[in-house]
Amino acid sequence: MPDALMYDEDTFVVLETHQPEQFMTVAELLEKLKSVLSESQDNLPQDLQRFTTIEEQAQYLIDTSCDLNLKPGQYLQWYAVRLEK
């Protein structure tokens, strides 16, 4: 039976266009996504348009995705990582 710790998502590595990789907590990633989404409300992917708040949109992305492409040639990707064994 797998250890439940394997599924803890408390640290993410975040990759962004023209930026070095960053390690973020869930709270930091949530704030990052909210910031990006607040600037892109007129160009949201269809699956995010059903949510009424930016907080809900950001949480949905954390729970279901690992990338966000809003403009051609620009990306934001996040992957859960385990820093300790």
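See the structure above.
It should be emphasised that the depicted structure is a prediction, and the values quoted were computed from it without experimental measurement.

Enquirer: Describe the overall build of the protein, and please don't skip the residues or the numbers.
Expert: Counting its secondary structure elements, the protein contains two helices and four strands. Listing each helix as α and each strand as β along the protein from the N terminus yields β-β-α-α-β-β. Across the 85 residues of the protein, 28% fall into the buried class. A sequence separation of at least 24 residues applies to 47% of the contacts in the protein between residues at least 6 apart.

Enquirer: Pulling in residues and values, what's your account of the sheet that holds strand E2 (residues 22-25)?
Expert: Read across the open sheet, the four strands follow the order E2-E1-E4-E3; overall the sheet is antiparallel. Edge positions in the open sheet fall to E2 and strand E3 (67-68), since each of these has one partner strand only. Bridge analysis of strand E1 (residues 11-16) against E2 gives four bridges, and the strand direction is antiparallel. If you follow Thr11 over to E2, its bridge partner there is Thr25. Sheet strands in contact with helix H1 (residues 26-38) are E1, E2, E3 and strand E4 (76-80), and its direction is about 105° off that of E2.

Enquirer: Which residues make up the environment of Asp67, and what are the values?
Expert: As for its placement among the helices and strands, Asp67 is situated in strand E3. Owing to a relative accessible area of 34%, Asp67 belongs among the partly exposed residues under this scheme. A C-alpha to C-alpha distance of 6.2 Å links Asp67 and Trp78, two positions eleven residues apart in sequence. Not counting the four nearest positions on each side in its chain, Asp67 is found in contact with Leu76, Gln77 and Trp78.

Rules behind the numbers
The numbers attached to residues start from 1 for each chain and follow its sequence in the written order. Note on the predicted model: pLDDT of at least 70 is required for a residue's local features to be given, and 80 or more for side-chain atom pairs to be given and counted; whole-chain, interface and lining totals, by contrast, use all residues. Side-chain measures here rest on the full set of heavy atoms in the structure, leaving out hydrogens and waters. Secondary structure elements follow DSSP: runs of H or I no shorter than four residues count as helices, runs of E no shorter than two count as strands, and numbering proceeds from the N terminus. Relative accessibility thresholds used throughout: buried, under 20% of the residue-type maximum; exposed, over 50%; partly exposed, between the two (1.4 Å probe, protein chains only). Whether two residues are in contact is decided by their heavy atoms, any of which lying within 4.5 Å being enough. Here the rule is simple: two strands pair whenever DSSP picks up at least two bridges between them. Fitted lines through C-alpha atoms give the axes, limited to the stretch in contact for helices. The angle between two N-to-C directions lies from 0 to 180 degrees.

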